[in-house]
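In case you want the letters, here they are:
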Amino acid sequence: MTVGRTGADAFLEQLIAAGVRWIFGNPGTTEQAVLDKIQDHDGIDLVVALHEGAAVAAAEGYARATGAVGAVLVHAGPGLGNALGALYNARAGQTPLLVYVGQAERRTFYLEPTLSGDFTAFAAPWAKWAYEIRSTEEIPAVLRRALKVASTPPRGPVVLSVPIDLTVAPCEAAVVPPSLVPTAVRPDPAAVAEATRILLGARAPALVVGDGVASSGAIAEVAALARLCGAPIFGGSMSQVCVDPEEPLRAARLPAVEGAGVEKILGPYDVIVAIGTKVLQQIFPVPGQPLGARPVIHIGLDPWELAKSQPSAVVFGDERVAVGELVEGLSAQLPPDRRAAWAERATAVAAALAGARERAIAADRAGFGASPMTAEQALAEIAAAIPADAYVVDETISNYGAAARYFHLGAGRWFRGRGGGVGVGMAMAVGVQVAHPGRPVLAVVGDGSAMYSLTAVWTAAHHDLPIVWAILNNRSYRLLKQNTVSYRGAVPGRAFVGADLTGPELDFASLAKGMGAQGLRVTEPGQIGPAIRNAFAGRAPAVLDVVVGGDLAPPPAGGGARS
Ligand SMILES: Cc1ncc(C[n+]2csc(CCOP(=O)(O)OP(=O)(O)O)c2C)c(N)n1
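The text that follows walks through the structure, step by step, so that each part is easy to find. (Residues numbered from 1 in each chain as written. Predicted model: local features only at pLDDT ≥ 70, side-chain atom pairs only at ≥ 80, totals over all residues. Heavy atoms only, no water.)

### Quick word on the layout of surface pockets
No. 1: Approximately 270 Å³ is the volume found for the second largest pocket.
No. 2: Forming the boundary of the second largest pocket are 17 residues, of which Gln 282, Pro 285, Val 286, Gln 289 and Pro 290 lie nearest the centre. (1 Å grid on protein atoms, 1.4 Å probe; cavity = no way out; pocket = protein on both sides within 12 Å on 5 of 7 lines; lining within 4 Å. Points joined across faces, edges and corners; volume = space filled by probe spheres on them.)

### Examining the nonpolar core
No. 1: Val 159, Met 426, Val 430, Val 457, Ile 467 and Trp 469 are the most contacted members of the largest nonpolar core, which has 57 residues in total.
No. 2: Broken down by element, the residue count for this core peaks at 9 residues, all from helix α3 (residues 52–66).
No. 3: Here Val 457 is in contact with Met 426, Trp 469, Ala 512, Met 515, Ala 517 and Val 543, once residues within four sequence places are set aside.
No. 4: Counting residues in hydrophobic clusters, the runner-up holds 51 residues, among them Leu 207, Ala 274, Ala 313 and Leu 334. (Core = buried A, V, L, I, M, F, W, Y, C linked by side-chain atoms within 4.5 Å. Buried < 20%, exposed > 50% of the residue type's maximum accessible area, 1.4 Å probe, protein only. Helix = DSSP H or I, 4+ residues; strand = E, 2+ residues; numbered from the N terminus. Contact = heavy atoms within 4.5 Å.)

### Quick look at the side chain of Asp 364
No. 1: Mapped onto the secondary structure, Asp 364 falls in helix α13 (residues 336–366).
No. 2: With near-sequence residues (within four places) excluded, Asp 364 lies in contact with Glu 376, Arg 405 and Tyr 406.

### As for the site of the ligand
No. 1: Lining the immediate surroundings of the ligand are 17 residues, of which Ser 398, Asp 447, Gly 448, Ser 449 and Leu 479 lie closest.
No. 2: Within the side chain of Ser 449, a nitrogen or oxygen atom sits 2.6 Å from an oxygen atom of the ligand.
No. 3: At 3.0 Å, a backbone N or O of Arg 478 approaches an oxygen atom of the ligand.
No. 4: Starting from 580 Å² of accessible surface for the ligand in isolation, the protein chains cover 78%.
No. 5: Residue assignment for the shell around the ligand shows that the elements contributing at least two residues are α17 (447–450) and α19 (478–488).
No. 6: Among the residues forming the shell around the ligand, the class breakdown is 6 nonpolar, 9 polar and 2 charged. (Near = heavy atom within 4 Å. Polar contact = N/O pair within 3.5 Å; in protein donor to acceptor, adjacent residues only side chain to side chain. Areas by Shrake-Rupley, 256 points an atom, 1.4 Å probe, with all protein chains shown as cover. Nonpolar A, V, L, I, M, F, W, Y, C, P; charged D, E, K, R; others polar.)

### What about the packing of aromatic side chains?
No. 1: In total, this model carries 7 aromatic pairs according to the counting rule given.
No. 2: The interplanar angle of 20° and the centroid separation of 5.3 Å between the aromatic rings of Trp 129 and Tyr 131 together place this pair among those described as stacked.
No. 3: When the ring of Phe 284 is compared with that of Tyr 487, the centres are 4.6 Å apart and the planes differ by 15°; the resulting orientation is stacked. Linking Phe 284 in the loop between β10 (271–275) and β11 (296–300) with Tyr 487 in helix α19, this pair joins segments that are 203 residues apart in sequence.
No. 4: It is Arg 21 that lies over the ring of Trp 22; its NZ or CZ is 4.3 Å from the centre.
No. 5: Over the ring of Tyr 391 we find Arg 413; its NZ or CZ atom is 5.7 Å from the centre of that ring. (Phe/Tyr/Trp six-rings, centres within 6.5 Å; stacked < 30°, edge-to-face > 60°. Lys NZ or Arg CZ within 6 Å of the ring centre and 35° of its normal.)

### Let's talk about empty space enclosed by the protein
No. 1: The tally for this structure, following the rule as stated, stands at 2 cavities of 30 Å³ or more.
No. 2: If you add up the space inside the largest cavity, you get close to 50 Å³.
No. 3: What lines the largest cavity is simply Phe 24, Val 47, Val 48, Ala 49, Ala 54, Ala 58, Ala 427, Val 430, Ala 456 and Thr 459.
No. 4: Every element with two or more residues in the lining of the largest cavity is listed here: β2 (45–48), α3, α16 (425–435) and α18 (456–462).
No. 5: When its residues are assigned to classes, the lining of the largest cavity shows 9 nonpolar, 1 polar and no charged.
No. 6: Formed jointly, the lining of the largest cavity draws a minimum of three residues from each of two domains, domain 1 (7–168) and domain 3 (367–547).
No. 7: As for the second largest cavity, its lining consists of Phe 11, Leu 15, Ile 23, Ala 71, Val 72, Leu 73, Leu 98 and Tyr 100.
No. 8: At the level of elements, α1 (7–17), β3 (70–74) and β4 (97–103) are the ones that each hand at least two residues to the lining of the second largest cavity. (Domains from an automatic or database assignment.)

### A closer look at the environment of Asn 483
No. 1: For Asn 483, the location among the structural elements is in helix α19.
No. 2: You can call Asn 483 buried: its relative accessible area is 17%.
No. 3: Residues Asn 483 and Ser 398 lie 85 residues apart in sequence; the distance between their C-alpha atoms is 9.7 Å.

### A closer look at the pairing of strand β13 (residues 391–395)
No. 1: Among the 5 residues of β13, 5 are classified as buried, and the element is accordingly described as predominantly covered.
No. 2: Judged by which residues are buried, β13 turns out to be covered on both faces: Tyr 391, Val 393 and Glu 395 on one side and Val 392 and Asp 394 on the other are all buried.
No. 3: Sheet topology places β13 next to strand β15 (residues 441–446); 5 bridges connect them, and they run parallel. Note on β15: the bridge partner recorded for Val 392 is Leu 442.
No. 4: Bridging between β13 and strand β14 (residues 414–416) involves 3 bridges; their strand directions are parallel. By the bridge assignment for β14, Val 393 is matched with Phe 415. (Pairing = 2+ DSSP bridges.)

### So, unusual backbone geometry
No. 1: In the segment running from Val 279 into Leu 280, the intervening peptide bond is cis, with an omega of -20°.
No. 2: Mapped onto the secondary structure, Leu 280 falls in the loop between β10 and β11.
No. 3: A cis amide bond links Gly 503 with the next residue in sequence, Pro 504, at an omega value of 5°.
No. 4: Looking at the element boundaries, Pro 504 is found in the loop between α19 and α20 (508–513).
No. 5: Even without glycine at this site, Ile 397 takes up a positive phi of about 50°.
No. 6: Among the secondary structure elements, Ile 397 is positioned in the loop between β13 and α15 (400–406).
No. 7: Backbone geometry at Arg 539 places phi at a positive 50°, although glycine is not the residue there.
No. 8: Here Arg 539 lies in the loop between α21 (525–537) and β18 (542–547).

Written out as structure tokens, the structure is:
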């Protein structure tokens, strides 16, 4: 029996009309009608992931590399369950995703078919919007709404459950491109005036920036504000690149684990301008006001995050427009003596930051030549070997600080996991490579993190994606050991339970070969450059298993001090 145009056709036509070119997915029976119809529609294809978490992570890489919505297909109940960890990260990182999950037939739902369930309830905590489609005719309209919701700040993942019977039924509903919401909106002039007034009273301001700066394209405006008022630019949470890597006022990220260090870092500053960022996002925040008692100006488009926990002068609006107006207002009203004092401060702050960077690199260098090589030396070699036009996915976890010292990549070129769930880096690289075919993509990933979405290597081999992964193999969950020491102290005689990846050690070169990619174990720093250049020249997926040190030994019984 031929039905003609079905709900599955309408589903795919609507995605194509919205410019969706790829669906990252792991298939199941309840999605079969949509999968089957992919071959009948030009302009849309499936990238096959072997786990739903890897599918979501790949779509996140695609969305972040393009700025467009990443489309995902996951299987019913357990498949959606597998996706939830990566979905959590996407929600925390405000990545626009459209996640389609196949549902059982409506007429048998009362029989509780295998794999069925209440998917909207399942997804709701981590989705910006979760909805189950109720009729074939609503498919295009709901998809348009989902794409609008996902891509309107605060962006985020939307989950749509679609019963299989609706995808095989005839559908006449028309398809038109979605209406999106332009958000380059001006803030209330009174709010900008108040922010200007507060900043004019500042002697030593600092900026804290987050994703809204990257997504609104405010990097130049933020740098102009920093230079005008002599302020360092701190990273507010795990975010996209929000500061030009060569910017002299670029400071480190504020602590993402322990909130306790924040007051020490921010001690010298009397006013904070938080721009497009959460205030703040940490694993162990300190109760109270995250940025202390000083005046805070909070700028952005996310009404939930603005002044959420920190009393602030709020400027609601597009970050680029708002910061531009703030710079204009300040410049017009700045007394000459304050302008001179801030300029002097900008020079001093830049010199202090450069000095701190140089000291950190000198400390790294003191460990160069160690055996096994340090992660810092490995990262320095990797960064020096990648092509100038490379994109980098960075899931170096306990080595994030070192990676930041060696990768000097601008906005849209360097991607880190957000949300705190590890294990997305291997698969994010798939989405970045799909977004930028023909460009070099390198992922540098901790050995522990690599194992969660290692199946991405097969996906790359299957789709001819010439990604190069460098895995920092320290044979441990090193960050967990570091966090244990900082949280509970180094207690003599107490082991780190569950944090060693030994007995057996992971052999990533063999694992890569088993999935159709090249695999090479690298033990010497001098091997890294040639290995990376060969891997890119080979134009095929390759995994470098880079053996590094840095593991933490448990404090011996009877010795060592509790820190
Ligand atoms: C989904 C998820 N599971 C577990 C954790 C806990 N966790 C945090 S860091 C980490 C270890 C990461 O190890 P690796 O990638 O090797 O990096 P390293 O710490 O050695 O630098 C783990 C398991 C987490 N954050 N997210």
